[in-house]
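These are the residues of each chain, in order.
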Amino acid sequence: TATGIVLSGLDSGVTVNGATTISANGGTPVVARYSDTVVAAFYIDTGTGNVNGRVLTVGATSFTVGSATTLVSTIGANTWQVRRFGTSDYFLLTFADTSDNQKAVVVQFNGSTFTAGTPITIVATQAGTDLVSDCLDSTRAIILYNDSNGLIRTVVVTRSGTSLSAGTQVQLQSDAPV
């Protein structure tokens, strides 16, 4: 259970309310600034394996933590990422499910609630693959991964609301690494 989470972009001296903790497992929780007083926290719940979101409302020296919202149920691997689509209210969440399908989903955060779209599969049943992503603008992101032959592949995904669609996957290298 994490009781002291680093919040980037906030003034020093911000502390967690002593009665409130946020569970985190399998990597560092992710926080994204929404406004001067609101941040979105993304983390893996240790009891369920779900990726959850919580609203953190920041005061002068402390903050309150909203109720957990499940964004993705029971991820399989502990490697996951959250990236923001530009300065929009939308985030790209990449993860592996329990069958090692590497997936991506759009999460909307409007300052008070989270809404997750339907996940899409980027690459099926491939254990050990970690998706690496970055958002290009408010509607497009690029995702890279190693395929089962060790080759690096990439795909551009496009967001419309909380829906996500993938373009054609492209192999970036001509032969497997040594």
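Up top is the structure.
Because the structure is predicted, anything quoted here is derived from the model rather than measured.

Basis of the calculations
- Residues numbered from 1 in each chain as written.
- Predicted model: local features only at pLDDT ≥ 70, side-chain atom pairs only at ≥ 80, totals over all residues.
- Heavy atoms only, no water.
- Helix = DSSP H or I, 4+ residues; strand = E, 2+ residues; numbered from the N terminus.
- Buried < 20%, exposed > 50% of the residue type's maximum accessible area, 1.4 Å probe, protein only.
- Contact = heavy atoms within 4.5 Å.
- Areas by Shrake-Rupley, 256 points an atom, 1.4 Å probe, with all protein chains shown as cover.
- Polar contact = N/O pair within 3.5 Å; in protein donor to acceptor, adjacent residues only side chain to side chain.
- Phe/Tyr/Trp six-rings, centres within 6.5 Å; stacked < 30°, edge-to-face > 60°.
- Lys NZ or Arg CZ within 6 Å of the ring centre and 35° of its normal.
- Salt bridge = Lys/Arg side-chain N within 4 Å of Asp/Glu carboxyl O.
- Core = buried A, V, L, I, M, F, W, Y, C linked by side-chain atoms within 4.5 Å.
- Lys, Arg positive; Asp, Glu negative; His and termini not counted.

Caption draft 1: Quick look at the overall build of the protein. Along its length, the protein carries zero helices and 16 strands. The buried share of the protein, reckoned over its 178 residues, is 39%. Intrachain contacts of the protein at a sequence separation of at least 6 include 36% that bridge at least 24 residues. Looking at the protein as shown, the accessible area adds up to about 8700 Å², and 46% of this sits on carbon and sulfur atoms.

Caption draft 2: Region of interest: the environment of Gln 81. If you trace the backbone, Gln 81 turns up in strand S7 (residues 81–84). Looking at Gln 81, the relative accessible area reads 14%, which means it is buried. As for Gln 81 and Asp 130, which are separated by 49 residues in sequence, their C-alpha atoms are 9.5 Å apart. Leaving out residues up to four positions away in the same chain, Gln 81 has contacts with Leu 92, Leu 93, Thr 94, Leu 131, Val 132 and Ser 133. There is a polar contact of 2.9 Å between the side chain of Gln 81 and the backbone nitrogen of Ser 133.

Caption draft 3: Fine view of the packing of aromatic side chains. Counting across every chain of the model gives four aromatic pairs. Taken together through their ring pairs, the aromatic side chains of Tyr 34, Phe 42, Phe 91, Phe 109 and Phe 114 make up a single cluster. For the cation-ring pair, Arg 159 lies above Phe 85, with the distance from its terminal atom to the ring centre recorded as 5.6 Å. The ring of Tyr 90 carries Arg 159 above its face, with NZ or CZ at 3.8 Å from the centroid.

Caption draft 4: Looking closely at the environment of Thr 69. Locating Thr 69 in the fold gives a position in strand S6 (residues 69–72). The exposure class of Thr 69 is partly exposed, given its relative accessible area of 27%.

Caption draft 5: A look at the pattern of salt bridges. The final tally for this structure, using the stated rule, is three salt bridges. For Asp 36, the salt bridge identified is with Arg 33, shortest N-O distance 2.1 Å. Salt-bridge contacts for Asp 97 lead to Lys 103; the nearest nitrogen and oxygen are separated by 3.5 Å. With respect to burial, Asp 97 and Lys 103 carry one shared label: buried.

Caption draft 6: Local environment of the nonpolar core. Formed by 19 residues in total, the largest nonpolar core has its most connected members in Phe 42, Trp 80, Leu 93 and Phe 114. When residues of this core are traced back to their parent elements, those giving at least two are strand S3 (38–44), strand S4 (51–58), S6, strand S8 (90–96) and strand S9 (102–109). In terms of residue count, S3 provides more of this core than any other element does, four residues in total. If sequence neighbours within four positions are ignored, Phe 42 has contacts with Pro 29, Val 30, Asn 52, Leu 71, Trp 80, Val 82, Phe 91, Val 107 and Phe 114. Residues Phe 85, Val 123, Cys 135 and Ile 143 belong to the second largest nonpolar core, which totals 16 residues.

Caption draft 7: Geometry of the side chain of Asp 45. As for its position among the elements, Asp 45 is in the loop between S3 and S4. In this structure Asp 45 is buried but unpaired, with Arg 54 as the nearest side chain of opposite charge at 5.7 Å. From its side chain, Asp 45 meets the backbone nitrogen of Thr 48 in a polar contact 3.0 Å long. Those residues in contact with Asp 45 that sit more than four places away from it in its chain are Asn 50 and Asn 52.

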